[in-house]
Amino acid sequence: STSTFLAMTSQHSSPPEPIRFITLDLIRKRSEHNAGLVSTLEELALHQEELQSIGAVLGRTCGKTLKILLLQNNIIERMTA
């Protein structure tokens with residue numbers, strides 16, 4: 001029955017994964033072409049990182065110089081200003 005199947009699958013399910021944000025380490029890793037300098041970064045590609053949220057670190061680290069942010073194939077639900 002359906003309830004038996006759901007009970008069996010819930011017993012074997014893994015714990016929820018933590019929300020993935022943009023971190024300073026991730027920005028540094030992806031800014032190798034800029035010698036790891038995030039304060040002068042103009043373009044940042046974060047493809048397929050399974051990011052769920054951008055977070056505040058992006059604005060604090062390279063928000064004044066960043067012109068292009070590429071986020072293809074992530075799972076960000078919404079973006080607000």
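Residues numbered from 1 in each chain as written. Predicted model: local features only at pLDDT ≥ 70, side-chain atom pairs only at ≥ 80, totals over all residues. Heavy atoms only, no water.

Mind showing me how you'd approach the layout of surface pockets here?
Empty pockets left among the atoms are what a rolling probe the size of a water molecule brings to light. Size it by volume and the largest pocket reaches roughly 200 Å³. Of the residues assigned to the lining of the largest pocket, the class counts are five nonpolar, three polar and two charged. (1 Å grid on protein atoms, 1.4 Å probe; cavity = no way out; pocket = protein on both sides within 12 Å on 5 of 7 lines; lining within 4 Å. Points joined across faces, edges and corners; volume = space filled by probe spheres on them. Nonpolar A, V, L, I, M, F, W, Y, C, P; charged D, E, K, R; others polar.)

What is the right way to read the pattern of salt bridges from this model?
Two side chains bearing opposite charge may form a pair once their charged atoms approach each other closely. Within this structure, the stated rule accounts for two salt bridges. Here Arg20 and Glu49 are joined by a salt bridge, their closest N and O atoms 3.3 Å apart. With Arg20 in the loop between helix H1 (2–11) and helix H2 (24–30) and Glu49 in the loop between strand E1 (43–45) and helix H3 (57–62), this residue pair connects regions lying 29 residues apart in the sequence. Owing to a relative accessible area of 35%, Arg20 belongs among the partly exposed residues under this scheme. In this structure, Glu49 and Arg30 form a salt bridge, with 2.3 Å as the shortest nitrogen-oxygen distance. Residue Glu49 is located in the loop between E1 and H3, and its partner Arg30 is located in helix H2; the two are separated by 19 residues in the primary sequence. Take Glu49: its relative accessible area is 10%, and that puts it in the buried class. Arg30 gets classed as partly exposed once you look at its relative accessible area, which sits at 25%. The network of salt bridges with shared partners includes Arg20, Arg30 and Glu49. (Salt bridge = Lys/Arg side-chain N within 4 Å of Asp/Glu carboxyl O. Helix = DSSP H or I, 4+ residues; strand = E, 2+ residues; numbered from the N terminus. Buried < 20%, exposed > 50% of the residue type's maximum accessible area, 1.4 Å probe, protein only.)

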